[in-house]
Structures are given as structure tokens and as C-alpha cells.
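Inside the fold
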Amino acid sequence: MNAPHPAHTPTTTSTPAGSDVVPTTLPLDRRRFLGYVLAGSTLVAAADLGGAAPPAAAEIPTPPQIPELYDLNDMLTDAARPTANLITVVIREDGTATFALPRMEVGQGITTSTAMLIAEELDLPLDKVEVTLAPARQELLFNQLTGGSNTTISTYTPIRVAAAVARAALLDAAAIVLGDTVAGLVAKGGVITAPDGSSVTYGELAARAASPTTVEVEVQLKDEADFAVVGTPTNRVDALAAVTGQKDYTTDLQVEGALPTMVCRAPTLNGTPVRVRNQDAVEQLPGVTHVATVSTGVAVRAETFGQCIDAVRALDVEWADGPVAGESDSTILRKLRSAQLPMPALPPNPLARTVGGDFTFYFRSNSAMDTNSAIADVRDDGATIWAGLKSPIVAQQRIAEKLGMRPDQVTVNVVTAGGSFGRRLFFDAALEAAEISQAMRQPVKLMWHRADDARVGRGHPMGTCRVQAVVLGQEVLAFNQSLTCVETDFRHGLGEIITAKAADLPGGLGNQGFAQTIFALTQEVPYDFGAVTQTIIETDDRFNTGSMRNIYSPDVRVAGELVVDQMAAKMGLDPYEFRRKFQRNERLLAALDKVAEVGEWGRRMPAGTAQGIAIHKEYKGVSACLVEIDCRPQTTGRQIGEAVTGPRVTKVTYAVDVGLAINPRGLEAQMQGGINDGIALALTSSLHLRDGHFLEASWDNYFYTRQWNTPPEVEVIVMPSTEKQPGGAGEAGVAATFAAVACAYARATGTVPTYFPINHKQLSFEPKPFVPPIPESPTNGLDLTS
Amino acid sequence: MPLQTFVLNGKTVTVDVADDVRLLWVLRDRLGVTGPKYGCGINVCKACTSHINGKAFNPCAVPVGRVGPDDEITTIEGLPEQVEAPQRGPNGLHPMQEAWLDRDVAQCGYCQPGQIMAAVALARKVREEGREVTESDLDTIRNICRCGTYTRIREAIVDGAARM
Ligand code: FES
Ligand code: FES
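Below is a short write-up of the structure. Everything numeric in this text was worked out from a predicted model, so none of it was measured.

1. Some details on the interface of chain B and chain A
At the junction of the two partners, chain B supplies 63 residues and chain A supplies 79 residues. For the pairing of chain B and chain A, the buried interface totals around 5900 Å² over both sides, and the portion due to carbon and sulfur atoms is 56%. Counting the surface chain B buries against chain A, the share from its top three residues, Gln107, Arg142 and Arg146 of chain B, is 14%. At the junction of chain B and chain A, the tally comes to six salt bridges. Between Arg648 of chain A and Asp139 of chain B there is a salt bridge, and its shortest N-O distance comes to 2.8 Å.

Right under this line is the structure:
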């Protein structure tokens, strides 16, 4: 923290702040960058969000697979480069630094890690850094998308540059105030001290360090070896607000006149309203102010959400069927099967043996705890929206289109959301709220009922994954993997409407192109398996889908790792030894060895229980997972009221190397969450499509991991990394866990599952009605106190 | 419309709303008390968990008309005042909230007010039964956390119960 301040020099004076001049920012050496002090009355330091990141370094693979050279994160980072604009760190007179993050906090901890980066470069205590979420900024184009675990990767350097510029300007100003040279000054804890002991605070310097014109400056970033905040386990900056009920989500906001609003939806997925038979009667119900038919259903606005629920239930609506009316899991699976392409030819060798598998993955929901919601206040001359949005620019453009306005007439405010898991890449509630507000000519606070969120909200598409491998003696000659699935909707594009439209071309070709690209940029087989081929076919665009946490990887890795265990058996190797033998990546090998050691791979286990081990590599990060599962009858038969119990994962050991871990405590939390996702995908959680709609309407229908399923023992090991750049973290816990649980289940029961989750074919609940579309709230709560 | 009166976080409140409106909406939409969250509206997810006369309950499943003028409703906002000042921690909060902070439990945070209120009620219950929190007590907690913070929740409950 006390390192002497590196020299910096103003190099050019450009036009005033807010002009569209965006000079090219060229790294001079690995830690020297150009930034700006913008014209202003307080210190405003800036960096170019697109230009500051150093180019991605490629590994030297043999033979290379695409993601090893250039992965989805490189694409998201590069997409940002040419058009990016400035991000700013502002020093206020109270000594705090503020920063508006052009990304979305959904629980993944990026406001904390961003505040840590600023605290580090600025030598300011963490509690004096305030990170807010930027509203939609059209000029950022591609650069305002939160996805692909890309936030930390793409913002790491630019944020540091802006903070370093601020620090340098503060030191310059302090040198004048304290009458010393910059080199003699020490900045620490928001105070700059001269050798004679005199000092001045950042707050006192904020106005003096301001510049009347915009100045380009060159700064040197801290050496990673000197990091005192980055890399230190740190609690979340919003933790206090969360545990006191003060953290506000969209439905907690009080916007003048924005009364509770809900939508009555069709009994088939994406069905549409034809006419309302009892509009007058519903308008007369207690609390109800408005009833309006919109494209997605019939909206009601009332004094309370409770009265909205009653009104939705009272509506008598004639519906037109949605596009999947009559379809069920089995009919969609048949369509997928017929869309499958033949597997690539295998190398002919009479001595070789073929090992393979064919797996089905049913629809899954990425419904978060905080259901889809948005506040919209649409007037004749403009609109204001509040919602949790990961792609606010395309949301702004699409909403403007829907309302018949220009994008600049629509203000889109980004609100923290209670979870995303990929769902908030889209803006379904914001678009719907805008339409309703325009129809009712009133501000509305729209909230989806849980039943809506589960049935109509986006999810992970159903798919099949086939694997064929050729084994000769102790070698693998070839490995083919082919995923065929219902389309994943990428129509949020790269965060703005140009690419979103490209994904919207007729015939789904555009989206296919996106899907192919994203598949190619994320998927790799992390083993030396000779000739490797991975392909994807997407078939059906009628469902509400999106990039559920970790997109394709969970399914692809499960299929791959289950076949890996079979190949190991053919060779007489144990699963861990096999994975070591065919490993092609040092960091992955280290993670694998770590979980085997800490998790005591190979320890004796009672019959009906087993260990499973799996690995995954993606987003420049590697992970390994060792689980223990208990499939004995006394465990699978556990009775807990209304609960789906079944096999229990009793222990998880997880090692992750994402590169530089900015906040190891946050990273551990992300892995713990991903572990519970992986367990749910393997054992309990899926949507059942029956006769044109999904059955699930409650958390007691859709079985995400609960306390009775979660492992009593979980250990996450953050590997010391040799990588200097941070890697993606939000998704890294899911795929390896899902695969390890699948492998453990196969070993414990002696049966390799052919579909997931393993309980999909027994329906564990009584489906709630589709008309009315949402259930009544119970009245017996006082009989159930505890 | 009928006037509804009850004690909310230590203060008597009166609100003009129909008897059958569930208490959750009276709290959130009429009184602006937004700590209790909506996650299902059918007493499944437990995101709205609060206390009535010291016991955990779910206001999404209670018509406000069933709540009497002497009933004491505590939401997460009123939890710190449920213990004497010396028992509050460095952040001035209930020991369970402090345990939550020490373990950095929250991710998105949406479920956490309900988790904490459920945890406090569980800790009180086992205390009355003269025993400690067990693994099977933890296994029966229904509050869902879609961010999967269960591991830290379990640790924080054991820790917080010991501090209460
Ligand atoms: S909202 Fe009350 S239990 Fe889910
Ligand atoms: S912390 Fe996000 S749902 Fe629990």
C-alpha cells in the first residue's frame, strides 16, 4: 500500500468531458495504461472500458480446441473493445469514491469485487467505495451485458486504470497542498501524508484535484504482488442491507402511483387472450383499479398484490392456444430424436472397442427467488422503467420499439435482482410492464406470480447428448459428442439491438449462428482423446428459453464424464487414475489431485454409497469435484413432509482455479451455490411438459435443492493460481458437480442413468390447475406457526 | 373498509384494508415494510417468514382480519429489538443477524430475511426443549434459497443459536 507513487505525465488535452472523443488507449507495457481526468468540479477519473484489457494469451494445445485459444469470454471482451466508452471513478468531497458499474448485480458479488479493485488501486478503505448499477447507456453498445461470467474479466483492467488515475491526480494535488514532491508522499486509507507528518484527506483534495479540461494521463497499475485488498477474503458490501431487510429489489421500490399489477395467463404455454368475458365484474372487485388486455394475457392493477391474485383468479377469459398446445415431454423428445444427425464416422480399427452413451436432459427452470418484475411509468412523451436487467441497452431499444418511441425517450434503471441464473439476460417483465402501463395509462408495479415464473419463465431447453469413443488398449483414439436440443434463445445478443436483431433473422438462422458460436467458444473436451469432435443441433424455437447458468456445459460434461468412467472401466483404471492419465492441462491436473487428496478418493465406502469424480474447464478456469452419494434405502426413503428426498449427496470436495481470485470468499460462495445447482440438475429438478404446458407452479413442484438435499459437508478449495488475470466465476461450480454426482450415482447403484434428473419420470406432486392460472393463497397460516 | 389494528415491530398500527387481504400484502403494499419477501404466496418458499407472538409464521397465508390488536408481529426490521441492547452485536443487530454477517451468508439476499427469522424461531424452539440444534433440525428447514447458500446458512444457525 505504501509503494511510492509511479510517475505520470499529462500527454494531451482534449475536448471537454461528455464529448464523443474516444482516443485509442494502448497499453505501454503490461502495467502502464492511459486514462483520463475529465473536466469537472470534483475529481472525475476515467478509463476506456473497451481498450484497456491486454490481449488474451493463448495456451499451446495439441491439437488445439477452439476454447483453448479463444473462448466465449474473449469474444465478449473483444466485442467490447471497438465501441466501448468511458467508465468513471468520482471522488466526492466526503472522501468517498463512487463508481457506476455498467453490469448487473444479481447476487454473484460483482459490486463487492469491483469495490475491492477500486479500494486497492486508490488506497481507500472498502467502506468508502460506493458501487452503484449504471442505467442503460446506449453509447456502451456491446459493453453493457452481464453474462458468460465475463464481468470481472472485461472490467478488471479498466476499473483499475480509472482508480489509478484518480489516485495519481490526488497525489498531484496533495503535493501542492503539502508542499512536497509526489515521490515523497504516502497514500493510505484515504489520507495522503508527507514525510514531515502533515497530511490531507482525499475528501479535502476532491475539488483541488479536479480538472477544468479533460486531460489524458498515463498511469502505472499496482504490481499484483503488492495487492492488499484484492485476493483477500472479503465480506459482501451489501451484506448488512441484506440481513436487515434494507436491500431493495424491484418490487420493494416505491414509485409514485405504481400500484401492484399481475397478469392472467393462458392455460397453454404462450397462449394469447381472445376476449374477457367478465371484465366489468372484475373491475368491481375490492381494490382493483384497472383491467387491460395485453399481448401476453390480461393484466390487473390493484391496491395490493393480494387483490391482484384474487382478480386474476376471478377473470374469465377466452384463450387462443399457444404454439406448443398438445405437446408433451415425449413428443418433444421424439422430435429431437428425429433431428439428430448421424454421429461422425469412427476410425476403423478391428481391435478397437467402442464405448458410448445416449442421454436425455429434460427442461429445467432458472426461476430465481425474486420473480420476474418491473416498474413502468409510460407517459405520452416518454417512459421510465425500473427492473433487474443484464442487457439494459437492448431492453431499452425493444421497449421503445413496443411503445412506438425513440430509445432516448425510454429511461431504463437497473435494479439489483434476487438472483438471475441467466434469466435476467432477458427483460420479459420490463417489456410487459411497459405495454401494460401504456394500455392502462397508469404507472404499474408488475410482479409475476411464482406459478407464472415457473411455467412461463425462461428455462434450460430439453436436449439429448450422444457420446461415442474409441478405445484401443490403453489409448483413446477418438471422442465424438453430439448435442441436439430445443433452441436456446440468445436474442438478447451481445447487449444491444444490432446483434440482438442478427439473432432474430427469419428461420432462426441468426440465433442458430449465435448458438453455434457460443457452443464452439465454450465447449471443449478436457482430455487427450485423439480425434475430438463436438457438435450441436438446435431444433425448436417455440419455448421460452435462455442461457441458464453455465449454458451447454452441464449437460455436455455429464455425458462426457459418464462415458469417461466407462472407458476407465474398459481399461481397468480407476476413474481418478484415468483422468490423470489423459489430462492435458497442468492447472486441471493440480485441481484434480487436490480433490482426490482432500476428499480421500478411494476410501472404503459401504455398499449403496460411492464416490464420483469429475472435471471441467471453461472461461479460462478449471475445476474438479469429488462427491460422495448415499443411495441406500434408509436414505432414499427419508420422510420429510412434502419433500422429495431420494439419494443424498453427503459430501462435496471442490477445487477451483479461476485465475486471479479477486475475492476468495465470494468465489467460495459462488462454488457453494453452483454445487447445489449441480445436485439439483442431477437428482431432482426439472419441468414436466404435459399437453401444452409445464406442470410446475410452486417450489414444492420444482425441486431445487433444499436443506434436506444439500450436502452436510462441503469443502471448497480456491487453488493458488499461476494466472495473473481474473477468470469467470459465476458459473464454474455447476458442471463438474452435476457430472460428479451423476458418476457417483452410477457407481453406487451399478446403473448408468440415461436421463436427468434421475427422478424425472416419477411425478412427485399433484399439478395445480391451469385455470385459474395461479393458486389461491392459503388462510391457515396461524395454524402452522413454529 | 374495516380498520385492522395490530402491533408491528413494537408499535401499534392501524390500517384500512379488507379482512381477507393476506398480511404479507398489508405489510408490503400498504405499510411499506418490505423485509418480508414474496416468493410463492402459498406458504411454500418461506421467504416471507416473520414472527407472531415470538413464533415463526408466514404472512402470505394469514388474512389480516385474523390478526388481533394484541398480536405482536415482528419482521426482520424489528428483529434487533427482540433482544436487550447488551445482547446485540457490533452492528447493533440480533445475534443471528450478526452470525449471518460473520459468515457472509447472503448472495442475492432475497431469501435471507426469511431464513434469519426461521433460524431465530428454530433456535428458540430447541432452547425451550433444552437441546442444541442438530443436523436433522437443519434438514427440515423449508426456506428455499435459489442461490444455494445452504452450507453457510447451516453454519450460521449453529453459530447464531449459540450466541442467543
Ligand atoms: S411467500 Fe410466503 S411462504 Fe412463500
Ligand atoms: S441468497 Fe439468493 S435466494 Fe437465497
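That shown, we press on.
2. Some words on the environment of Ala46 of chain A
Residues and elements named next belong to chain A. Residue placement: Ala46 occurs in strand β3 (residues 44–48). Along the backbone, Ala46 and Gly257 are 211 residues apart, and their C-alpha atoms lie at a distance of 38 Å. Residues in contact with Ala46, not counting those within four places in the same chain, are Gly35, Tyr36, Leu38, Leu86, Ile87, Thr88, Ala162 and Val165.

3. Quick word on the sheet that holds strand β3 (residues 50–52) of chain B
Residues and elements named next belong to chain B. What the five strands build is an open sheet, ordered β2-β1-β5-β3-β4; its pairing is mixed. Both edges of this open sheet fall to β2 (11–16) and β4 (55–57), since each of them pairs with a single strand only. With strand direction ignored, the average angle separating the axes of adjacent strands in the sheet is 40 degrees. Summarising the sheet, β3 and β4 pair through three bridges and their orientation is antiparallel. Along β4, the bridge assignment pairs Ser50 with Phe57. Packing of helix α3 (residues 112–128) onto the sheet brings it into contact with β3, β4 and β5 (72–74), and relative to β3 it is tilted by some 45 degrees.

4. So, helix α19 (residues 664–683) of chain A
The end-to-end C-alpha distance of α19 of chain A is 29 Å, a good match for the 28 Å that 20 residues give at a rise of 1.5 Å each. For α19 of chain A, the buried fraction is high: 17 of the 20 residues fall into the buried class.

5. Considering the packing of aromatic side chains
Across all of its chains, the model carries 17 aromatic pairs over all chains by this definition. Taking 5.0 Å as the distance between ring centres and 75 degrees as the angle between the ring planes, the aromatic pair formed by Tyr249 of chain A and Tyr110 of chain B counts as edge-to-face. With Tyr249 of chain A in the loop between α6 (239–243) and β11 (259–264) and Tyr110 of chain B in the loop between α2 (95–102) and α3, this residue pair bridges two chains. Tyr249 of chain A sits in the buried class, given a relative accessible area of 1%. Between Phe305 of chain A and Trp25 of chain B the ring centres are 5.5 Å apart and the planes differ by 55 degrees, which places this aromatic pair in the tilted class. In this pair, Phe305 of chain A sits in helix α8 (residues 305–314) while Trp25 of chain B sits in helix α1 (residues 23–30), so the two residues belong to two different chains. One aromatic cluster is present, built from ring pairs that chain together Phe479, Tyr527, Phe529, Phe578 and Phe582 of chain A.

6. Overview of the pairing of strand β4 (residues 86–91) of chain A
Residue and element names in this part refer to chain A. Counting buried positions over the six residues of β4 gives five, a clear majority of the element. In terms of strand pairing, β3 meets β4 through five bridges, oriented antiparallel. What sits directly across from Asp48, in β4, is Leu86. Between β4 and strand β5 (residues 97–101), which pair antiparallel in sequence order, lie five residues; one of them, Gly95, sits at a positive phi of approximately 85 degrees.

7. Side note on the nonpolar core
Counting residues in hydrophobic clusters, the biggest one holds 188 residues, and the most contacted among them are Phe529, Tyr552 and Met567 of chain A together with Phe6 and Trp100 of chain B. The greatest single-element share of this core, amounting to 12 residues, is contributed by helix α20 (residues 734–749) of chain A. In contact with Met567 of chain A, other than residues within four places in its own chain, are Val355, Ala469, Val471, Val476, Phe479, Phe529 and Phe578 of chain A. Grouped together as the second largest cluster of nonpolar side chains are 56 residues, Ala97, Leu101, Leu124 and Ile192 of chain A included.

8. Brief notes about the sheet that holds strand β18 (residues 373–379) of chain A
All names here are of chain A. Strand order in the open sheet formed by seven strands is β13-β14-β11-β21-β18-β19-β20, with mixed pairing between adjacent strands. A strand with exactly one partner marks an edge of an open sheet, and here the two such strands are β13 (288–294) and β20 (410–414). When strand polarity is set aside, the average angle formed by the axes of neighbouring strands in this sheet is 25 degrees. Strand direction decides the pairing type here: strand β19 (residues 382–387) and β20, joined by five bridges, are parallel. Across the sheet, the residue bridging to Ala387 is Val414, located in β20. On top of the sheet, α8 reaches β11, β13, β14 (297–302) and β21 (444–447); it is set at about 25 degrees to β11, its chief contact.

9. With respect to the side chain of Arg142 of chain B
With respect to the helices, strands and loops of the structure, Arg142 of chain B is situated in the loop between α4 (135–139) and α5 (150–163). Ignoring any residue separated from it by four or fewer positions in sequence, one finds Arg142 of chain B in contact with Ile640, Gly641, Glu642, Ala643, Asp700, Arg706 and Trp708 of chain A together with Val44, Cys45 and Lys46 of chain B.

10. Things to note about the pairing of strand β10 (residues 214–220) of chain A
Residue and element names in this part refer to chain A. Burial of β10 is extensive: six of the seven residues sit out of reach of the surface. Inspection of the sheet shows strand β2 (residues 32–38) paired to β10 by six bridges, in the antiparallel sense. By the bridge assignment for β10, Arg32 is matched with Gln220.

Rules behind the numbers
Residues numbered from 1 in each chain as written. Chains lettered and ligands numbered in written order. Predicted model: local features only at pLDDT ≥ 70, side-chain atom pairs only at ≥ 80, totals over all residues. Heavy atoms only, no water. Contact = heavy atoms within 4.5 Å. Buried area = accessible area lost by both parts, 1.4 Å probe. Salt bridge = Lys/Arg side-chain N within 4 Å of Asp/Glu carboxyl O. Helix = DSSP H or I, 4+ residues; strand = E, 2+ residues; numbered from the N terminus. Pairing = 2+ DSSP bridges. Axes fitted to C-alpha atoms, helices over the stretch in contact; angles between N-to-C directions. Expected span 1.5 Å × (residues − 1). Buried < 20%, exposed > 50% of the residue type's maximum accessible area, 1.4 Å probe, protein only. Phe/Tyr/Trp six-rings, centres within 6.5 Å; stacked < 30°, edge-to-face > 60°. Core = buried A, V, L, I, M, F, W, Y, C linked by side-chain atoms within 4.5 Å.

Note that all results are geometric; they support no functional claim without further evidence.
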